[in-house]
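Next come the chains, spelled out residue by residue.
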Amino acid sequence: MDTNTLDYTDDRLTASAAPQCILQVVLGADSISLLSADHNGAVLALQSWTFPSGEQAFHQSEWQLRGVLRQAVFGLPFGHIHCALFHRNATLVPRRLFQHGNLATYFKLLLNPAEYTYAYDELPEFDAYLVYATEQGLARLCTEFFPRGRVRHLAVPLLRQARDLDASEEHRIFVNIRNQVAQIAVFERQNLLFYNSFAFAASPDLLYYILLVYDQFRLNPQDTPLIVAGNLLEDSELYRLLYRFVRDIRFAALPGYYRLPEDAGILPGHCYFDLFCLKNL
């Protein structure tokens, strides 16, 4: 059974208003989230659905995803639609080593044999390419429901936006927590040193991966800031565990082009950081 974990929709989001609005969607095998805003940047909808986590094959959750995507809000005639794929099968390749002719070779040692749709996105600001392997069913779902534009991996807009967070710091670690996956990046000023994603089942697992990254880059968790976006609240067990080891935890500041609704009872803005980033697609 899917769980509608967030459901905010403004009455002003109608079929007649939608052509002047933007829709931003993050679509993964275990979750869907959306943001809609008008031309003035006022957020009119924030919705999110999650499905049972685990290493289940895409075909086991496809019918749930299709059920959500057939809901009325996705059928509105939006003026602009941005969609990002979310999954772990992505890797950064420096420009000097990139070869677009055989993308599968980048995953030869990383993925079990299966049928994937391979793609890549250029990240010129990092002098690199993001290469990713999407299960074919999930890739087809994107083109079926969002045929009007190119679909990219969520890491592309996420890294672009994270690059500018606290850029005056010599080093900082950024983590975006989405369901049971953490996307972790290391920045030196505005240079990207590292990006990877990690699945975790419990708080200690995530703590291990974050401290491992600190250790790999010889950064001191007592003075190198950790910038957090996604599913983390200050009163949570995970936050308290992280704070025992990392003394400077900062929540990611949202970009200024959208305005969250006041008194809507929704979570703090950093929880929607990845959705806001899709404007950079």
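Anything mentioned here points back to the structure above.
Starting from 1, residues in each chain are numbered consecutively following that chain's sequence as written. Under the rules for a predicted model, residues below a pLDDT of 70 receive no local features and side-chain atom pairs below 80 are neither given nor counted, while totals for whole chains, interfaces and linings still include all residues. Hydrogens and water molecules were not included; the side-chain quantities draw on all heavy atoms of the structure.

Trainee: Please clarify how the packing of aromatic side chains should be interpreted in this entry.
Mentor: Centre distance and the angle of the planes are the two values used to describe a pair of aromatic rings. Only Phe, Tyr and Trp rings are paired, with Trp represented by its six-membered ring, and only when their centres lie within 6.5 Å; those with planes under 30 degrees apart are stacked, over 60 edge-to-face, the remainder tilted. Scanning the model with the defined rule gives 17 aromatic pairs in all. Between F98 and Y129 the ring centres are 3.9 Å apart and the planes differ by 10°, which places this aromatic pair in the stacked class. Residue F98 is found in the loop between β6 (90-94) and β7 (116-123), and its partner Y129 is found in strand β8 (residues 128-135); the two are separated by 31 residues along the sequence. Like Y129, F98 is buried. Taken together, a centroid distance of 5.1 Å and an interplanar angle of 90° make the contact between Y257 and Y258 edge-to-face. Linked through ring pairs, F98, Y106, Y120 and Y129 together constitute an aromatic cluster. Definition used: whenever NZ (Lys) or CZ (Arg) falls within 6 Å of the ring centre and also within 35 degrees of the ring normal, the charge is taken to sit over that ring. The residue whose ring lies beneath R178 is F86, and the NZ or CZ to ring-centre distance is 5.5 Å. Going along the chain from the N terminus, every DSSP run of H or I of four or more residues is numbered as a helix, and every run of E of two or more is numbered as a strand. Partly exposed describes any residue whose relative accessible area lies between the buried limit of under 20% and the exposed limit of over 50%, with all areas from a 1.4 Å probe on protein chains only and scaled to the type maximum.

Trainee: Any chance you could explain the environment of E237 here in plain terms?
Mentor: Following the sequence through the fold, E237 ends up in helix α5 (residues 237-243). E237 sits in the exposed class, given a relative accessible area of 53%. Each C-alpha atom, one on E237 and one on S203, is 7.6 Å from the other, the two residues being 34 residues apart in sequence.

Trainee: How should I be thinking about the nonpolar core in this particular structure?
Mentor: One broad rule of soluble globular proteins: the nonpolar side chains tend to lie buried together. Membership of the largest hydrophobic core comes to 49 residues, with the highest contact counts inside it found for I32, F74 and F174. Counting residues per element, this core draws most heavily on helix α3 (residues 155-162), at 5 residues. Apart from residues lying up to four places away in sequence, F174 is in contact with L158, A162, L165, Q183, I184, A185, F187, I227, A229, A252 and F273. Throughout, nonpolar core names a set of buried Ala, Val, Leu, Ile, Met, Phe, Trp, Tyr and Cys residues whose side chains join them through atoms within 4.5 Å. Counting 24 residues, the second largest nonpolar core, distinct from the first, contains Y214, L226, L242 and I249. What makes two residues a contact is simply this: any of their non-hydrogen atoms within 4.5 Å.

Trainee: Would you mind showing me how to read the pattern of salt bridges here?
Mentor: Think of a salt bridge as a Lys or Arg side-chain nitrogen and an Asp or Glu carboxyl oxygen that are within 4 Å of each other. All chains considered together, the criterion is met by 11 salt bridges. R152 is paired through a salt bridge with D121; the nearest N and O atoms lie 3.8 Å apart. Placement of the pair is R152 in strand β9 (residues 152-153) and D121 in strand β7, with a sequence separation of 31 residues. Residue classification places R152 among the partly exposed positions, given a relative accessible area of 22%. Across the pair R178 and D274 runs a salt bridge, and its minimum N-O distance is 3.0 Å. With R178 in strand β10 (residues 171-178) and D274 in helix α6 (residues 273-277), this residue pair connects regions lying 96 residues apart in the sequence. D274 matches R178 in its accessibility class, with the two residues each being buried.

Trainee: Help me understand the sheet that holds strand β12 (residues 191-199), please; the structure alone is not making it clear to me.
Mentor: Following DSSP output, two strands are said to pair if at least two bridges run between them. Strands sit in the order β12-β11-β10-β13-β14 across an open sheet of 5 strands; the sheet is mixed. Strands at the two margins of the open sheet, each flanked by one partner only, are β12 and β14 (249-251). Averaged over all adjacent pairs, the angle separating strand axes in this sheet is 20°, with direction ignored. Here β10 pairs with strand β13 (residues 226-230) via 5 bridges, running parallel. In the strand pairing of β13, F174 is matched with I227. α3 rests against β10, β11 (181-188) and β12 of the sheet, and its axis sits at about 40° to β11. Where helix α4 (residues 203-216) meets the sheet, it contacts β10, β11, β12 and β13, and its direction lies at approximately 20° from that of β11. Axes here mean lines fitted to C-alpha atoms, for a helix over just the part in contact, with angles spanning 0 to 180 degrees between N-to-C directions.

Trainee: Mind showing me how you'd approach the sheet that holds β8 here?
Mentor: To summarise the sheet geometry, strands pair through backbone hydrogen bonds and adopt either a parallel or an antiparallel arrangement. Taken in spatial order, the 3 strands make up an open sheet running β6-β8-β7, and their pairing is antiparallel. Across the chains shown, the open sheet's two edge strands, defined by having one partner strand only, are β6 and β7. On average, adjacent strands in this sheet sit at an angle of 25° to one another, irrespective of strand direction. Each of β7 and β8 is contacted by α3, which is oriented at about 25° to β7, the strand it contacts most.

Trainee: Explain the pairing of strand β2 (residues 22-28) here, please?
Mentor: Side-chain direction in a regular strand flips from residue to residue, so the side chains alternate between the two faces of the sheet. Within β2, 7 of the 7 residues are buried, which leaves the element mostly enclosed by the surrounding structure. Side chains I22, Q24, V26 and G28 of β2 all project onto a buried face; the interleaved residues L23, V25 and L27 project onto the opposite face, where all are buried too. Bridge count between β2 and strand β3 (residues 31-37): 7 bridges; the pairing is antiparallel. Directly across from Q24, in β3, lies its bridge partner L35. Pairing between β2 and strand β5 (residues 80-86): 7 bridges, direction parallel. Within β5, the position partnered with L27 by the bridge is L85.

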